[in-house]
Amino acid sequence: MRYHFSILIFFLFFFWFKHFLPHSFISENKHHSFQQFVYASNHEKQYFKIRNREFIHPLPGEITSILVAATSDMHGTLGIFCDFDCDQVKGLLHLVPVIKELRVRDPQMLLLDGGDTYQGSMMQFYLNHVQPSVPFQDPLLQLMNKLRYDAMTLGNHDLEMPLDKLSWRMRKASFPFLGANIQWKTETLGEFSKSTNSITTPFQNLHPYHVQERNGVRLGILGMTTPGVPIWLDPLQIKDFRIKEILSSSRKWISVLRDKEKVDLLIGLFHSGADKDYDDRTAIKLGLPSPNASGQVAKVLKQFDLLIAGHTHQTIPKYALDELPRFSVPIIFPGAYAKGVSVVKIKLIENQQRWQIYDMKFDFKSARINQDPMSIKEEIGLSDEMLESVRNYRSQPSKVILKEIPQKVVRNDCLSKLSHVALQQPGKESKFSLLPGSWHTADIKREDLGKPILRKHLFQWMRYDNLPVLANLYGLQIRIMLNPMLRKFQERRIRSSTYLVPGGFEAVPVVEDGPVRLSLKEWNGSTIREDELYKVWMTNYHWNGGSDIRSRALLHDSQLLKREQRFLRDAVFDFLAAKHPKLPLSCKQFLEPI
Ligand SMILES: [Zn+2]
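### Focus on the overall build of the protein
Step number 1: Helix and strand counts for the protein come out as 20 helices and 27 strands.
Step number 2: Here the protein, with 594 residues, has 44% of them falling under the buried criterion.
Step number 3: The long-range fraction of contacts in the protein, counting pairs at least 24 apart against all pairs at least 6 apart in sequence, stands at 78%.

### Section: unusual backbone geometry
Step number 1: Residue Pro317 follows Ile316 across a cis peptide bond; omega there is -10 degrees.
Step number 2: Assignment of secondary structure puts Pro317 in the loop between strand E14 (315-316) and strand E15 (331-334).
Step number 3: Positive phi outside glycine occurs at Asp85, with the angle close to 45 degrees.
Step number 4: Inspection of the secondary structure puts Asp85 in the loop between strand E1 (63-71) and helix H4 (96-105).
Step number 5: At Asp548, a position not held by glycine, the phi torsion is positive, near 70 degrees.
Step number 6: Assignment of secondary structure puts Asp548 in the loop between helix H17 (540-544) and helix H18 (549-552).

### Section: the sheet that holds strand E18 (residues 397-402)
Step number 1: If you trace the three strands from one edge of the open sheet to the other, you get E20-E18-E27, paired in antiparallel fashion. The open sheet has two free edges, formed respectively by strand E20 (452-454) and strand E27 (591-593), since each of these has just one partner strand. Across the sheet, the axes of successive neighbouring strands diverge by a mean angle of 55 degrees, strand direction being ignored.
Step number 2: Pairing of E18 with E20 involves two bridges; the strand directions are antiparallel. By the bridge assignment, Pro397 is partnered in E20 with Leu454.

### Focus on the sheet that holds strand E12 (residues 265-271)
Step number 1: One open sheet accounts for six strands, arranged E9-E10-E12-E13-E15-E14; its pairing is mixed. Each edge of the open sheet carries a strand with a single partner, namely strand E9 (209-214) and E14.
Step number 2: Across five bridges, E12 lies against strand E13 (residues 306-310) in parallel orientation. Pairing of Ile267 across the sheet is with Leu306, part of E13.

### Comments concerning the packing of helix H13 (residues 408-422) against helix H19 (residues 568-577)
Step number 1: Following both chains from N to C, one finds H13 and H19 inclined at 85 degrees, their axes separated by 9 Å at the closest point. When the interaxial angle is binned, H13 and H19 end up roughly perpendicular. Contact residues: H13 offers Leu418, Ser419, Val421 and Ala422, while H19 offers Leu568, Ala571, Val572 and Phe575.
Step number 2: Class assignment for the residues of the contact of H13 with H19 results in seven nonpolar, one polar and no charged.

### Side note on the nonpolar core
Note that soluble globular proteins tend to have their nonpolar side chains buried in a common cluster.
Step number 1: Counting residues in hydrophobic clusters, the biggest one holds 149 residues, and the most contacted among them are Val68, Leu112, Leu307, Ile308 and Val572.
Step number 2: It is H19 that provides the largest number of residues to this core, a total of six residues.
Step number 3: Contacts of Ile308, omitting those with residues within four sequence positions, involve Ala70, Leu112, Gly114, Ile267, Gly268, Leu269, Phe270, Ile332 and Pro334.

### Here we look at the pairing of strand E24 (residues 515-522)
Within a regular beta strand, the side chains point alternately toward one face of the sheet and then the other, so they alternate between its two faces.
Step number 1: As paired strands, strand E23 (residues 505-511) and E24 are joined by seven bridges and run antiparallel to one another. Within E24, the position partnered with Ala507 by the bridge is Leu520.
Step number 2: Taken together, E23 and the strand that follows it, E24, pair antiparallel across an intervening segment of three residues, in which Asp513 is found at a positive phi of about 60 degrees.

### Section: the packing of helix H5 (residues 122-130) against helix H12 (residues 384-394)
Step number 1: Direction vectors running N to C along H5 and H12 enclose 100 degrees, while the axes themselves pass 10 Å from each other. Judged by the angle between their axes, H5 and H12 are roughly perpendicular. Contact residues: Met122, Met123, Tyr126 and Val130 in H5; Val390, Tyr393 and Arg394 in H12.

### Quick notes on the confidence of the model for the protein
Reading fine detail from the predicted coordinates is not recommended where pLDDT is low.
Step number 1: On average, residues of the protein score 89 in pLDDT, and 88% of them are at 70 or above.
Step number 2: Every residue in residues 14-46 is under pLDDT 50, and counting partners more than four places away or in other chains gives 42 contacts.

### Things to note about H13
Step number 1: The terminal C-alpha atoms of H13, which comprises 15 residues, lie 21 Å apart, in line with the 21 Å expected from a rise of 1.5 Å per residue.
Step number 2: With 11 of 15 residues buried, H13 is to be regarded as a mostly interior element.
Step number 3: Turning to H13, its buried residues number three or more, namely Arg411, Asn412, Asp413, Cys414, Leu415, Ser416, Lys417, Leu418, Ser419, His420 and Ala422.

### Regarding the environment of Phe177
Step number 1: Looking at where Phe177 falls in the secondary structure, it is placed in strand E4 (residues 177-178).
Step number 2: Distance in space between the C-alpha atoms of Phe177 and Asp150 is 9.3 Å, their sequence separation being 27 residues.
Step number 3: Not counting chain neighbours up to four residues away, the residues in contact with Phe177 comprise Met152, Leu154, Met170, Asn205 and Leu206.

### Here we look at the environment of Leu286
Step number 1: Counting through the fold element by element, Leu286 comes out in the loop between helix H10 (280-285) and helix H11 (294-300).
Step number 2: On the basis of neighbour count, Leu286 is assigned to the partly exposed category, with 15 C-beta atoms found within 10 Å.
Step number 3: Sequence-wise, Leu286 and Gly228 are 58 residues apart; in three dimensions their C-alpha atoms are separated by 9.6 Å.
Step number 4: Residues contacting Leu286, with those up to four places away along its chain left out, are Pro230, Ile231, Gly545 and Ser551.

Definitions and limits used
- Residues numbered from 1 in each chain as written.
- Predicted model: local features only at pLDDT ≥ 70, side-chain atom pairs only at ≥ 80, totals over all residues.
- Helix = DSSP H or I, 4+ residues; strand = E, 2+ residues; numbered from the N terminus.
- Buried ≥ 20, exposed ≤ 12 C-beta atoms within 10 Å, placed from the backbone.
- Contact = placed C-beta atoms within 7 Å.
- Pairing = 2+ DSSP bridges.
- Axes fitted to C-alpha atoms, helices over the stretch in contact; angles between N-to-C directions.
- Parallel < 35°, antiparallel > 145°, perpendicular 65-115°, else oblique.
- Nonpolar A, V, L, I, M, F, W, Y, C, P; charged D, E, K, R; others polar.
- Core = buried A, V, L, I, M, F, W, Y, C linked by C-beta atoms within 7 Å.
- pLDDT = per-residue confidence, 0-100.
- Expected span 1.5 Å × (residues − 1).

Structure (structure tokens):
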């Protein structure tokens, strides 16, 4: 009896005591697959593990410094083939001399990247989507290895490629990929293997953070990815994981880094902008956390010493500064396309046997033309065959010739109409389309006159890797999606990515004291009824939620008819590369079939 009584007391005590444990932290960790089962990237057999460490104790009066250099949003810009803005010096190969010089200044320099790294150039498109799969190579990744990058954070665009290619990059990288707010859905985790004492996750080398000791200082780098990913990406592509809110995830990991890993300096490497309002309403309507949270973190979480933020392509600051601009925490934006590298020099001094920052200087080092970028091509796996196949791919000709340099309006109209016709299947009933109405300027030059439009021109013209989606839409939804077009007629401001144009039907402004609404008619003259369903092609970007189209038009999954696997750009190229393409009227002004 006494015995049972003491067991009862024990349990009562246990349940009472449990309240005093940091509950949320413990329960979160139980489901957080990173805790035990993620490999450390460069030592195959070691798992990612939270370590309990002792503080580093500098000697009385000791001083030291840390040099941090960062790139972000390189978008595959290596610097060999130029896809757009070719008058600018950019690409990681042209940062090699700059990074080497910085290493001479401080051999212990920390080199970081903020993500959106392996998507956006034609070469990366070729490697990710065209190249036969084995043996897979990525010279950009290998150059990052060679330059001894210490860590990078996953960007939203890095999740667009086939995930086996991302996973390959993670295995081959000599640095960890970070994403502390990425959580695997437990049901998709693989089997526990007794032999390796690990669980297979889709990405073996994705870590929440990275700890390094440099110049006697322990640094923690915490990576966060924008939770806006589901706004833009296909659900199937991201079905195995979710991306959690940045502020609360940061709080959780800060306590690990400060209390357990006992870091002296805490750096946030975030793929998330600072302007909270941008894309925020879209995210809220889709039930997602703020896509751009780094400004909020910088204001609220003073435990960070420095934030490095990518995703928005901003370069802030652009020039050398003696003191970094602050919210509460200094925040820098390294810009895009490897046009330069943001550099922070942090000086530290001993204070009560701990490191304390006493100075933080900033500099932005621009890329310089690397006179001989090919001298390291073998070291980065850039074989002649690869160069040749990318070159051939870029210069694949269509069967239309450039007659003259088109005006912007004509060029935009032509490409929207080409996209529409390229999606129609011969012999089948024609479908409507609501596709982008403004496109980039292709790098078409005078010397291209009289020559065929090449695949690379289309890549420059259509920079986003959009996939077509066919949906059953009500006339009313079509009308709502054309609202930005009406606003444009009214000469009001619109976000250009919301501007869709009608394909296969017409939308004409009804003018009474200015354009008041759009009259929507089929080609046969019949009115498009708001309560009737029509089959409409659109991009997966807009269908998924990009530019708030999905929530404004109340698009619903049940309206989805199919997702096309061929990129819209490829559909247009195939159309132009077929024999005697029947060109839309606006295209005939500057293009001519061969
Ligand atoms: Zn991004």
